[in-house]
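Observations on chain architecture
Each chain, letter by letter, is given below.
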Amino acid sequence: MINIENLHKSFGKLEVLKDISTTIEKGQVVAVIGPSGSGKSTFLRCMNLLETPTQGRILINGRDITADRKEINEIRQNVGMVFQHFHLFPHMTVLQNMIFAPMKIKKLSKEEAVNKAMELLKRVGLADKADVYPNRLSGGQKQRVAIARALAMEPEMLLFDEPTSALDPEMVKEVLEVMKDLALSGITMVVVTHEMGFAREVADRICFLDGGRLVEDASPEEFFTAPKSERARQFLEKML
Ligand code: ADP
Ligand code: MG
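In what follows, the accompanying structure is described. (Residues numbered from 1 in each chain as written. Chains lettered and ligands numbered in written order. Predicted model: local features only at pLDDT ≥ 70, side-chain atom pairs only at ≥ 80, totals over all residues. Heavy atoms only, no water.)

**Section: the state of the cysteines**
- Throughout the structure, instances matching the rule amount to 0 disulfides.
- Unpaired in terms of disulfides, Cys46 finds its nearest cysteine sulfur in Cys207, a separation of 14 Å.
- The buried category is assigned to Cys46, whose relative accessible area is 0%. (Disulfide = S-S within 2.5 Å. Buried < 20%, exposed > 50% of the residue type's maximum accessible area, 1.4 Å probe, protein only.)

**So, the nonpolar core**
- In this structure, Met98, Ile147, Phe160, Met179, Met189 and Phe223 are the most contacted members of the largest nonpolar core, which totals 52 residues.
- With 8 residues, the single largest contributor to this core is helix α6 (residues 169-185).
- Ignoring sequence-local partners within four residues, the contact set of Met179 consists of Ile147, Phe160, Pro163, Met189, Val191 and Phe198. (Core = buried A, V, L, I, M, F, W, Y, C linked by side-chain atoms within 4.5 Å. Helix = DSSP H or I, 4+ residues; strand = E, 2+ residues; numbered from the N terminus. Contact = heavy atoms within 4.5 Å.)

**A closer look at the side chain of Gln141**
- Examined against the element boundaries, Gln141 turns out to sit in helix α5 (residues 139-151).
- Owing to a relative accessible area of 18%, Gln141 belongs among the buried residues under this scheme.
- Ignoring anything within four residues of it in the chain, the contact list for Gln141 reads Leu126, Lys129 and Glu174.

**Looking at the packing of aromatic side chains**
- Per the counting criterion, the structure on display carries 4 aromatic pairs.
- With 5.6 Å between their ring centres and 70 degrees between their planes, Phe89 and Phe100 make a pair best called edge-to-face. Of the two residues, Phe89 is situated in the loop between β6 (79-82) and α3 (94-104) and Phe100 in helix α3; the sequence distance between them amounts to 11 residues.
- Phe100 gets classed as partly exposed once you look at its relative accessible area, which sits at 36%.
- When the centroid spacing of 5.2 Å and the interplanar angle of 85 degrees are considered together, the rings of Phe223 and Phe224 count as edge-to-face.
- Judged by its relative accessible area of 0%, Phe223 falls in the buried class.
- Classification of Phe224 as buried rests on a relative accessible area of 9%. (Phe/Tyr/Trp six-rings, centres within 6.5 Å; stacked < 30°, edge-to-face > 60°.)

**A few points about the site of ligand 1**
- The immediate surroundings of ligand 1 are formed by Phe11, Leu14, Val16, Pro35, Ser36, Gly37, Ser38, Gly39, Lys40, Ser41 and Thr42.
- Here an oxygen atom of ligand 1 and a backbone polar atom of Gly37 are 2.7 Å apart.
- Taking Lys40, its side chain carries an N or O atom lying 2.8 Å from an oxygen atom of ligand 1.
- Bound to the protein, ligand 1 loses 59% of the 560 Å² it would expose on its own.
- Of all the secondary-structure elements, those providing two or more residues to the shell around ligand 1 are β2 (14-24) and α1 (40-47). (Near = heavy atom within 4 Å. Polar contact = N/O pair within 3.5 Å; in protein donor to acceptor, adjacent residues only side chain to side chain. Areas by Shrake-Rupley, 256 points an atom, 1.4 Å probe, with all protein chains shown as cover.)

**Thoughts on the environment of Lys107**
- The residue Lys107 is located in the loop between α3 and α4 (110-123) in this model.
- You can call Lys107 exposed: its relative accessible area is 65%.
- Among the polar contacts made by the side chain of Lys107, one reaches the main-chain carbonyl oxygen of Lys104 at a distance of 3.1 Å.

**Structural notes on unusual backbone geometry**
- Backbone geometry places Leu49, a non-glycine residue, at a positive phi of 60 degrees.
- At Glu162, a position not held by glycine, the phi torsion is positive, near 45 degrees.
- Assignment of secondary structure puts Glu162 in the loop between β7 (157-161) and α6.
- Since its relative accessible area comes to 15%, Glu162 is described here as buried.

Listed below in structure tokens is the structure:
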């Protein structure tokens, strides 16, 4: 579904992604892990053109997204993103957050958008919060709303950038549970995470980045029991 071919990204003279090539199949869950500053967020952001690659190609369903920037809105609709800090609209209720883009971009009627939103809020266990403002929610609840909001656009693929890193420890689990559920539903997911348990249990594949290079691209079993690189071994020693 996504082919990444010789992807490079530089910010000025700083080369942040160095010749990354990989393929993500439809329905796969890929965990992207690696030290801070290794390029994980940049890698993810290239996949929905929040960053423009300096070199290389990204093909989604065979179409080169780097070639045709006119399609950027369609691409972003198809590739949803969940951020560390939720990015909910603070001046809108949960329900308003949920229906805004589906009405504006997908041109759903209000009734259709509300029905869909309520169904998704139920799915993440927050139907009773539809009419509250985000500042009345816990971090875990905010992130579950952010996930439901991304799903409301019916993307083929969801990108998560450290979705639990800003949460208090007791809230991490409820968000990971929702993500695990999603993974089982068959949507393609790319998840930057430091949650090694989640990566090992839920991911089909691990991409380990170090210094902007894709150092390992392996099954969780291989990666966690017999990493090929010294870099990954050192990283895992610190994490586990
Ligand atoms: P990670 O998510 O693995 O921590 P990032 O992708 O955020 O890593 O960053 C990789 C490197 O790129 C870091 O050195 C960071 O400072 C740099 N970087 C990221 N975004 C920008 C930007 N917009 N402008 C300049 N440098 C950036
Ligand atoms: Mg990051």
